[in-house]
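For reference, the chains in residue letters:
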Amino acid sequence: MNLELAGQNAVVVGGANGMGRMIAKTFAAEGAGVALLDRDPVVDEVAQEAASHGVDTFSQQVDVTDFAALQTAAARIENELGPVRHVVFTVGIDSGKGGYPFWNLEPSDWPRVHEVNVLGAVNTAHAFYEPMIARRQGTFLFFSSVSGQIGSQTDPPYSVSKAAVLSFMQIAAKDFAAYNIRANAICPGMVDTPLQRRIHKFSTADLPEDERPTYEDWCTEKIGSLAVLGRLVSQEEIASTVVFLASEHARNITGQAINVDSGWVMHW
Ligand SMILES: NC(=O)c1ccc[n+]([C@@H]2O[C@H](COP(=O)([O-])OP(=O)(O)OC[C@H]3O[C@@H](n4cnc5c(N)ncnc54)[C@H](O)[C@@H]3O)[C@@H](O)[C@H]2O)c1
């Protein structure tokens, strides 16, 4: 399928690692120019990888909780790379602590997760929307999670933040519709990334050492019991869904939470 993304520009916020990194490379492989923003300096290396596909790239270290810095980066991208067509917000952090029950955490464990996961998404939308609505063209994609739909107890502040991202995405989809801009969310199941490995560490930390599952056994057990296909989702599978949603093939998809989760959460 020709996605016809060549020559368009995509911004990947959180593009230094994990799924964001794969998404940046996949847009570049489709011929799209790529701008990468992340707090991790590795972001410049990812821009170089993307440039190997012969596309223009831009990278800058930014913390998504710093709205002024995001605004400056957005203006630089418009000037130096060109008109932004797609914005993908992949940033997400965990609290670093396991729930079960939620009072294992303190109320003070909540604000940073929400500042990054929810306000980061809101800041990003505010920083980029203006020239996009003036051009009446574009897409926004926010990263939520199955955990935001099922009251996952693993990391309560994280689950609640992911539900909030879905709500913001729906509001954005309604507000943008008159400007021919679509907004959707991807809800991954279990994907092997640095974040997933951190969750394994803290959610098994309280078990006696001889009962602590390896990362691989933990994934197999969890996904096998929760998702009907019983498979981990690959970063490539997430990235190909992202570029499809950015393309005109998805022109009638907006306001949706797309579960790429091996059949974990089902709606009708
Ligand atoms: N890995 C999974 O199984 C899984 C499952 C469901 C949802 N998700 C969601 O998918 C998205 C991508 O997850 P991932 O597993 O690739 O994560 P990751 O931790 O591998 O990558 C997240 C990126 O966000 C960046 N980041 C974190 N805080 C930032 C900040 N304040 N400012 C700028 N950049 C910041 C990190 O440097 C990193 O590059 C996240 O929103 C995550 O919550 C992941």
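That block above? That's the structure.
Cut-offs applied
- Residues numbered from 1 in each chain as written.
- Predicted model: local features only at pLDDT ≥ 70, side-chain atom pairs only at ≥ 80, totals over all residues.
- Heavy atoms only, no water.
- Salt bridge = Lys/Arg side-chain N within 4 Å of Asp/Glu carboxyl O.
- Helix = DSSP H or I, 4+ residues; strand = E, 2+ residues; numbered from the N terminus.
- Buried < 20%, exposed > 50% of the residue type's maximum accessible area, 1.4 Å probe, protein only.
- Pairing = 2+ DSSP bridges.
- Right-handed = clockwise from strand over helix to strand, strands pointing away.

K.L.:
When you look at the pattern of salt bridges in this model, what are you seeing that I'm missing?
P.N.:
Side-chain pairing between opposite charges can occur once the charged atoms of the two side chains come close. Going through the model one piece at a time under the given rule, you end up with 11 salt bridges. Two residues, R112 and D63, come together in a salt bridge whose shortest N-O distance is 3.4 Å. Here the residue R112 occupies a position in helix α4 (residues 111-135), and D63 occupies one in the loop between β3 (57-61) and α3 (67-80), the gap between them amounting to 49 residues. The exposure class of R112 is partly exposed, given its relative accessible area of 36%. Residue classification places D63 among the partly exposed positions, given a relative accessible area of 29%. One salt-bridge network, in which partners are shared between bridges, spans R21, K25, E45 and E49.

K.L.:
Explain unusual backbone geometry to me, please; I cannot follow it from the model alone.
P.N.:
Following Y100, the chain continues into P101 via a peptide bond in cis, with omega recorded as -10 degrees. Mapping P101 onto the fold places it in the loop between β4 (86-89) and α4. Backbone geometry places N180, a non-glycine residue, at a positive phi of 60 degrees. Its place among the elements puts N180 in the loop between α5 (156-177) and β6 (181-188).

K.L.:
Whenever I open this one, the pairing of strand β1 (residues 9-13) confuses me. Can you help?
P.N.:
Consecutive side chains of a regular strand alternate in pointing toward one face of the sheet and then the other. Burial within β1 is extensive, with five of its five residues counted as buried. Here β1 shows no split at all, with N9, V11 and V13 on one side and A10 and V12 on the other all buried. Relative to strand β2 (residues 33-38), β1 runs parallel, the two being bridged by five bridges. Paired with N9 across the bridge in β2 is G33. Between the parallel elements β1 and β2, the chain passes through helix α1 (residues 18-29) in a crossover that is right-handed. As paired elements, β1 and β4 share four bridges and run parallel to each other. From the neighbouring strand, A10 faces β4, where its bridge partner is H86.

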